[in-house]
Amino acid sequence: MVPNAPPSGPTRLGLKHTSSGLVLSLPPGQTFEAIRTVLRDHLALSPERYRGQTLKLDLGEGQISLFDLRRVLHVLRDEFGAEVVGVHCTVEALQRYAEKELKLKVHVSAPAEDTSAAVTPDTVTLAPTTSATEATTEVNTEVNTEVNAGILSHEELPGGDDMGDRVMTIHGTVRSGAVVEYHGDVTVFGDVNPGAQIVAGGNIVVLGALKGFAHAGSRRSDSFILAFDLRPTQLRIGKAIHLTMESAPERGRALNPQMASVQAGSIIIEPYRGRPPGMAMREVS
Amino acid sequence: MSECIVITSGKGGVGKTTTTANLGVALAMQGKRVAVVDADIGLRNLDLILGLENRIVYDLVHVIEGECKLRQALIKDKRLDGLYLLPAAQTRDKNAVSPDGMRKLVAQLKEEFDYVLIDCPAGIEQGFKNSVAGADRAIIVTTPEVSAIRDADRIIGLVEAAELPEPTLIVNRFRAKMVARGDMMSREDILEILAIPLIGLVPDHEDIIVSANRGAPAAFDEKSIVGEEYRRIARRVLGEADVPFVALDVPDTAWTILKRWMGLSGAREVAQ
């Protein structure tokens, strides 16, 4: 095998326009040269596209080395005029980066009780120099938390250090083109319009009409999707995909909450009877 | 206090330029000083609709690049005292202007005018960003078609992300008869998705094509129902509440004409 040959795998850059800014995800497992080539190809058509823009990098599992990451930042700044103002990565990746810098084993402490600091990296034992991208780095502890600036808000609920316990709440309409990704549960106080995407590690609850795309349980396949008015373009739970039937039911004024969950490997949609799946047994006893 | 309003839609061909021209005319008819700005650089149209094409000497890009003074580029409409057009450049493209340049230009225009209306190009790229940069609020134009509605929804999200206040909506090419037959999305269907205040319901009418070809916006025409709706939109933009929609007026039938003639009901009744 030729040394330095790029490992096989996706060579696409993920570029997401979220209203909080551009998020560029690097293709995983690529060398710096490969990433630079992909970047140059991608931007060859409109090299001025990112000039003066600020963007965030999604490091995903954090397979890129710190050295290469710095080089990517330089390329983005010097060749494309884009300023990287933040990175997204997993706690594990952050831990790995820290270990590489410190040459010591890093233990992630449980979050403090203080809810306002629920996701601040204070509790992760890190020396300041370990942050991957110098002073501008903004570390969002876990996976992406894309928030549509202005209309969507994001709260961390106290209690439990299990990521799945956390809920993101969104107030207002999630409109076409908006992408909401969260590692925990997502609750929307409003509608999710066609063309919008919600991807949650846990459950999705929409206190309004769900007309867009929803993917629950990207981390837990026992998740459910609940909406007051369930008319999605597509539903996914874990690995199961549900395409909506040809004729969506006519818009009715009466509330008809429905819930989608996985039963025997496929998604079942049924009227919501007041309890999420798995709750009934416990309640009875 | 002057205000800058961007007229945008996402999708092309839904009537942004027609709306800008007519709203500009209607606001000027209310005695306001109005500048309409064509931000569709490279594909300029607003001058045609207003019938001012042959008077362009300088354009928006000249002003921003400092090649001429703002006053030199503004074209005064002969028919109305308070109406001016700032045309787009035809030989350049959207990248000739930056959001900062637009912001400065709008600030300059706002010193002289009560209303600055920006005709935004279709799409969500540079042209849109430029147009939104200097605006205080946005009016979204759509037609009762799923594709236009979808794009309008996306644009509303982007307008909110740009930290402008909640935009208002004008639905263009509305056909009450088709809605009654169930063949077209109704006002309720549209508002259910977009969920923003409706300030205009413009009937689909051949007047618009005729007036565009003549370069005399329908709002000038006292007899045109489309022009009437644009005049009412101007009143709503100026803050007047409860101005009924032309498209929902009860049509004249022999019976209502007879009733009016007999003095049984004064003005034309309005159905909401």
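Keep in mind the model is a prediction, meaning the values are calculated, not measured.

1. As for the overall build of chain B
Then, number 1: Check the secondary structure of chain B and you find twelve helices and eight strands.
Then, number 2: Among the 272 residues that make up chain B, the fraction classed as buried is 55%.
Then, number 3: For chain B, the share of sequence-separated contacts (at least 6 apart) that also reach a separation of at least 24 residues comes to 73%.
Then, number 4: Here chain B displays about 12,300 Å² of accessible surface, and carbon together with sulfur accounts for 50% of that area.

2. A short note on the pattern of salt bridges
Then, number 1: The full count for this structure, using the stated rule, is 22 salt bridges over all chains.
Then, number 2: Arg 71 of chain A is the salt-bridge partner of Asp 68 of chain A, the closest N and O atoms lying 3.2 Å from each other. One end of the pair, Asp 68 of chain A, and the other, Arg 71 of chain A, are both in helix H2 (residues 66–80), three residues apart, so they sit about a helical turn from each other.
Then, number 3: Its relative accessible area of 14% is what places Asp 68 of chain A among the buried residues.
Then, number 4: Asp 183 of chain B is the partner of Arg 181 of chain B in a salt bridge, and the nearest nitrogen-oxygen pair spans 3.1 Å.
Then, number 5: A residue is classified by how much of its surface remains accessible, and Arg 181 of chain B, at 57% relative accessible area, is exposed.
Then, number 6: Within this structure, Lys 211, Asp 229 and Arg 231 of chain A together with Glu 192 of chain B form a network of salt bridges that share partners.

3. Details of the packing of helix H5 (residues 99–112) of chain B against helix H6 (residues 126–133) of chain B
All names here are of chain B.
Then, number 1: One can describe the packing of H5 onto H6 by two numbers: an axis separation of 7 Å at closest approach and a directional angle of 30 degrees. H6 is crossed by H5, and the crossing has right-handed handedness. Residue-level contacts link Pro 99, Met 102 and Arg 103 of H5 to Gln 126, Lys 129, Asn 130, Ser 131 and Ala 133 of H6.
Then, number 2: Here the contact of H5 with H6 is composed, by residue class, of three nonpolar, three polar and two charged.

4. A look at a nonpolar patch on the surface
All names here are of chain A.
Then, number 1: On the surface, Phe 189, Leu 207, Phe 228 and Leu 255 cluster together into a nonpolar patch covering about 360 Å² of accessible area.
Then, number 2: One can find Phe 189 in strand E8 (residues 185–189).
Then, number 3: For Phe 189, a relative accessible area of 39% gives the class partly exposed.

5. Overview of the confidence of the model for chain A
Residues and elements named next belong to chain A.
Then, number 1: Averaged over every residue, the pLDDT of chain A is 70; residues scoring 70 or more account for 64%.
Then, number 2: Across residues 1–10, confidence stays below pLDDT 50; counting only partners more than four residues off in sequence or on other chains, it has nine contacts.
Then, number 3: Of the regions scoring below 50 in pLDDT, residues 280–285 engages in two contacts with residues more than four places distant in sequence or in other chains.

6. Some words on the nonpolar core
Within soluble globular proteins, side chains that are nonpolar tend to cluster in buried spots.
Then, number 1: Formed by 54 residues in total, the largest nonpolar core has its most connected members in Leu 60, Leu 86, Leu 109, Ile 118 and Leu 194 of chain B.
Then, number 2: Of all hydrophobic cores here, the second largest spans 36 residues; its members include Leu 46, Ile 56, Ile 233 and Val 237 of chain B.

7. Regarding the sheet that holds strand E4 (residues 83–86) of chain B
Residues and elements named next belong to chain B.
Then, number 1: Spatially, the eight strands line up as an open sheet ordered E3-E4-E2-E5-E1-E6-E7-E8, and their pairing is mixed. Two strands bound the open sheet, and with one partner strand each, they are strand E3 (75–76) and strand E8 (198–203).
Then, number 2: Pairing of strand E2 (residues 34–38) with strand E5 (residues 115–119) involves five bridges; the strand directions are parallel. Within the sheet, the bridge partner assigned to Ala 35 lies in E5 and is Val 116.
Then, number 3: Sheet contacts for helix H11 (residues 225–237): strand E1 (3–8), E5, strand E6 (137–142), strand E7 (168–174) and E8; angle to E8, the most-contacted strand, approximately 175 degrees.

8. A word on the sheet that holds strand E14 (residues 240–243) of chain A
All names here are of chain A.
Then, number 1: Spatially, E7-E9-E11-E13-E14 is the arrangement adopted by the five strands of the open sheet, whose pairing is mixed. Taken across any chain shown, the strands that pair with only one partner, and hence form the sheet edges, are strand E7 (179–182) and E14. The sheet shows a mean angle of 5 degrees between the axes of neighbouring strands, taken without regard to direction.
Then, number 2: Sheet topology places strand E9 (residues 197–200) next to strand E11 (residues 213–216); three bridges connect them, and they run parallel.

9. Examining the environment of His 242 of chain A
All names here are of chain A.
Then, number 1: Summarising the element assignment, His 242 is placed in strand E14.
Then, number 2: Exposure remark for His 242: the relative accessible area of 19% places this residue in the buried category.
Then, number 3: Placed 25 residues apart in sequence, His 242 and Ile 267 show a C-alpha to C-alpha distance of 6.1 Å.
Then, number 4: The residues contacting His 242, other than those within four sequence positions of it, are Gln 234, Leu 235, Ile 267 and Ile 269.

10. A closer look at unusual backbone geometry
Residues and elements named next belong to chain B.
Then, number 1: Phi angles above zero are rare outside glycine, and Ala 195 is one such case at about 50 degrees.
Then, number 2: Note that Ala 195 resides in the loop between helix H9 (187–194) and E8.
Then, number 3: A relative accessible area of 40% places Ala 195 in the partly exposed class.

11. Concerning H6 of chain B
Then, number 1: Where H6 of chain B is concerned, the buried positions are Gly 127, Phe 128, Asn 130, Ser 131 and Val 132 of chain B.
Then, number 2: Against E1, H5, E5 and helix H7 (146–161) of chain B lie the buried residues of H6 of chain B.

12. Describing the pairing of E1 of chain B
Residues and elements named next belong to chain B.
Then, number 1: The buried fraction of E1 amounts to six of the six residues, a majority that puts the element mostly inside the structure.
Then, number 2: Both E1 and E5 contribute to a ladder of five bridges, which runs parallel. Along E5, the bridge assignment pairs Cys 4 with Val 116.
Then, number 3: Of the strand pairs in this sheet, E1 and E6 are connected by four bridges, and their pairing is parallel.

Rules used in this analysis
- Residues numbered from 1 in each chain as written.
- Chains lettered and ligands numbered in written order.
- Predicted model: local features only at pLDDT ≥ 70, side-chain atom pairs only at ≥ 80, totals over all residues.
- Heavy atoms only, no water.
- Helix = DSSP H or I, 4+ residues; strand = E, 2+ residues; numbered from the N terminus.
- Buried < 20%, exposed > 50% of the residue type's maximum accessible area, 1.4 Å probe, protein only.
- Contact = heavy atoms within 4.5 Å.
- Areas by Shrake-Rupley, 256 points an atom, 1.4 Å probe, with all protein chains shown as cover.
- Salt bridge = Lys/Arg side-chain N within 4 Å of Asp/Glu carboxyl O.
- Axes fitted to C-alpha atoms, helices over the stretch in contact; angles between N-to-C directions.
- Left-handed = near helix turned anticlockwise from the far one by under 90°.
- Nonpolar A, V, L, I, M, F, W, Y, C, P; charged D, E, K, R; others polar.
- Patch = residues over 30% accessible without salt bridge, like charges linked within 9 Å, V, L, I, M, F, W, Y side chains within 5 Å.
- pLDDT = per-residue confidence, 0-100.
- Core = buried A, V, L, I, M, F, W, Y, C linked by side-chain atoms within 4.5 Å.
- Pairing = 2+ DSSP bridges.

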